[in-house]
Amino acid sequence: MGTGHADALHLPGDTAVHRLDPQVKITAAFLLVLCVVATPREIFWAFGGYAVLLAALAAIARIPPRWLAARLLIEVPFVVLALLLPFTAGGPSTEVAGLALSTEGLLAGFNIMVKGTLGLGTSLLLAATTAPREIVLGLQRLRAPKLVITIITLMLRYAEVIVAEAGRMRIARISRGHDPRFLWQVGATARGVGSLFIRSYERGERVHLAMVSRGWEGEMPELEPARRTSWKTWSTGLAAPAAAAVVLGVSLWTA
C-alpha cells in the first residue's frame with residue numbers, strides 16, 4: 001500500500017544511515033530520545049554531547065544543515081513558552097543581564113527547549129532517511145499494535161488528500177471575495193475549517209465503506225515478508241544510542 005505524497009520530509013540517498021533497516025532506525029531513534037529525556041536538566045554538557053552526536057549522524061546521512069534548521073522552526077511556540085518561564089515562574093531568583101529571573105524558570109525553560117530540540121532533530125533525521133512506507137514496514141517488523149499501524153498508514157495515505165481539499169476550498173473562498181489578510185474574515189476562515197472537518201469525516205466514511213466492501217477485516221496487510229536482521233546491522237544501527245547511553249550514564253553518575 002502506498003503512502004501517497006506524504007514523504008515531503010524524506011530525502012532519498014545512498015548513505016550508511018539510509019541503508020539501515022527501518023526497524024533498526026526506529027529502535028535507535030526511540031532509545032536516543034529516551035536517553036535525552038532521562039538526562040537531568042542540570043547536566044548541561046550532556047546535551048551538548050547529544051547535539052554533537054546528532055550533528056555527526058546528519059553529516060553521515062548528508063542532511064543539509066539548512067534543511068534541518070528550517071524544519072526545526074515548528075517548535076517556535078515551545079521556544080516562546082520556554083523564554084517566558086524565567087519571568088513567570090516563582091521561587092528563588094538570579095540576576096541575568098540586570099534582570100531578576102526565576103532560577104526554577106530558567107532550568108525549566110532550558111529543559112523544554114533543549115530536550116524538545118534534540119527530540120525533534122532525532123525525529124527529523126529518522127524521517128529524512130526513512131521513507132513513510134519503510135517506517136510502516138519497520139513498525140510491522142517490530143510487532144507494533146496493528147491498530148497503530150493502521151492509523152499511521154491511513155494518515156500517511158490521506159494527509160495529502162486533506163491538504164489538497166483545503167487548498168481547493170481556499171481558492172474557492174478567494175474567488176468569491178475572501179481576503180484572509182483582513183481580521184474581519186476570520187469568521188469565514190473558521191467556517192471553512194469546520195466545513196473541511198465535515199468533508200474529511202464524510203470522505204473517511206466513504207473510504208471505510210469501500211474498504212469493507214473489498215474485504216477489509218480491520219488489519220493492514222504485511223507490506224513485505226518478514227526477514228531476519230543480522231546482528232551486524234543491529235550493532236551498526238545501535239552505535240549512536242549506545243554512545244548516548246554512555247553520556248547518560250556519566251551524567252547520572254555525576255549528578
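Cut-offs and rules
Residues numbered from 1 in each chain as written. Predicted model: local features only at pLDDT ≥ 70, side-chain atom pairs only at ≥ 80, totals over all residues. Heavy atoms only, no water. Phe/Tyr/Trp six-rings, centres within 6.5 Å; stacked < 30°, edge-to-face > 60°. Axes fitted to C-alpha atoms, helices over the stretch in contact; angles between N-to-C directions. Helix = DSSP H or I, 4+ residues; strand = E, 2+ residues; numbered from the N terminus. Parallel < 35°, antiparallel > 145°, perpendicular 65-115°, else oblique. Left-handed = near helix turned anticlockwise from the far one by under 90°. Contact = heavy atoms within 4.5 Å. Nonpolar A, V, L, I, M, F, W, Y, C, P; charged D, E, K, R; others polar. Pairing = 2+ DSSP bridges. pLDDT = per-residue confidence, 0-100. Expected span 1.5 Å × (residues − 1). Buried < 20%, exposed > 50% of the residue type's maximum accessible area, 1.4 Å probe, protein only. Arc of directions from axis to C-beta. Salt bridge = Lys/Arg side-chain N within 4 Å of Asp/Glu carboxyl O. Core = buried A, V, L, I, M, F, W, Y, C linked by side-chain atoms within 4.5 Å. Patch = residues over 30% accessible without salt bridge, like charges linked within 9 Å, V, L, I, M, F, W, Y side chains within 5 Å. Areas by Shrake-Rupley, 256 points an atom, 1.4 Å probe, with all protein chains shown as cover. Polar contact = N/O pair within 3.5 Å; in protein donor to acceptor, adjacent residues only side chain to side chain.

Caption draft 1: Looking closely at the packing of aromatic side chains. Inspection of the entire model under this criterion finds three aromatic pairs. An aromatic cluster is built from Phe44, Phe47, Tyr50 and Phe110, whose rings are joined through pairwise contacts.

Caption draft 2: Spotlight on the packing of helix H2 (residues 22-38) against helix H3 (residues 44-60). The N-to-C vectors of H2 and H3 enclose an angle of 160 degrees; their axes lie 10 Å apart at closest approach. By the angle class used here, H2 and H3 are roughly antiparallel. Judged by the sense of rotation from one axis to the other, the crossing of H2 with H3 is left-handed. Contacts between H2 and H3 involve Leu32, Cys35 and Val36 from the former and Phe47, Tyr50, Leu53 and Leu54 from the latter. Each residue belonging to the contact of H2 with H3 can be placed in one class, and the counts come to seven nonpolar, no polar and no charged.

Caption draft 3: Molecular detail of the pairing of strand S1 (residues 93-96). Taken together, the four bridges between S1 and strand S2 (residues 99-102) define a ladder with antiparallel strand orientation. Its bridge partner lying in S2, Thr94 is registered against Leu101. Between S1 and S2, which pair antiparallel in sequence order, lie two residues; one of them, Ala97, sits at a positive phi of approximately 55 degrees.

Caption draft 4: Structural detail: the confidence of the model for the protein chain. With 91% of its residues at a pLDDT of at least 70, the protein chain reaches an overall mean of 84. Across residues 1-6, confidence stays below pLDDT 50; counting only partners more than four residues off in sequence or on other chains, it has 15 contacts.

Caption draft 5: Molecular detail of helix H11 (residues 239-254). Taking 1.5 Å of rise per residue, 16 residues should cover 22 Å, and H11 covers 23 Å from first to last C-alpha, within 8% of that figure. All of the buried residues along H11 are Ala240, Pro241, Ala244, Val247, Leu248 and Ser251. Seen along its axis, H11 keeps its buried residues to an arc of 115 degrees; they face one direction. Seen from the buried face of H11, the exposed residues on the opposite side, beyond 90 degrees, are Val246 and Trp253. On its buried face, H11 sits against H2, H3 and helix H10 (231-237).

Caption draft 6: Spotlight on the pattern of salt bridges. Enumeration according to the criterion identifies six salt bridges in this entry. A salt bridge links Asp14 to Arg19; the nearest nitrogen and oxygen atoms lie 3.3 Å apart. Take Asp14: its relative accessible area is 60%, and that puts it in the exposed class. Classification of Arg19 as exposed rests on a relative accessible area of 51%. The salt bridge partner of Glu104 is Arg41, with a shortest N-O separation of 2.9 Å.

Caption draft 7: Molecular detail of the nonpolar core. By size, the foremost hydrophobic cluster in this structure holds 25 residues, and its most contacted members are Tyr50, Ile63, Trp67, Leu68, Leu118, Leu125 and Ala244. Those elements giving two or more residues to this core turn out to be H2, H3, helix H4 (65-72), helix H6 (103-129) and H11. The residues touching Leu125, leaving out its near neighbours within four places in the chain, are Leu54, Leu57, Ala58, Ile63 and Leu68.

Caption draft 8: Expanded view of a nonpolar patch on the surface. Taken together, the side chains of Leu73, Val76, Val80 and Leu84 make up a nonpolar region of the molecular surface, amounting to roughly 350 Å² of accessible area. Within the fold, Leu84 resides in helix H5 (residues 76-88).

Caption draft 9: Region of interest: the environment of Glu165. By the element assignment, Glu165 lies in helix H8 (residues 146-175). In sequence terms Glu165 and Leu196 are 31 residues apart; their C-alpha atoms lie 7.6 Å from each other. Setting aside residues no more than four positions away along its own chain, Glu165 makes contact with Leu196, Arg199 and Arg203. A distance of 2.5 Å separates the side chain of Glu165 from the side chain of Arg168, its partner in a polar contact.

Caption draft 10: Structural context of unusual backbone geometry. One non-glycine residue, Arg62, lies in positive phi territory at about 60 degrees. Position of Arg62 relative to the elements: it lies in the loop between H3 and H4. Even without glycine at this site, Arg143 takes up a positive phi of about 60 degrees. Here Arg143 lies in the loop between helix H7 (132-141) and H8.

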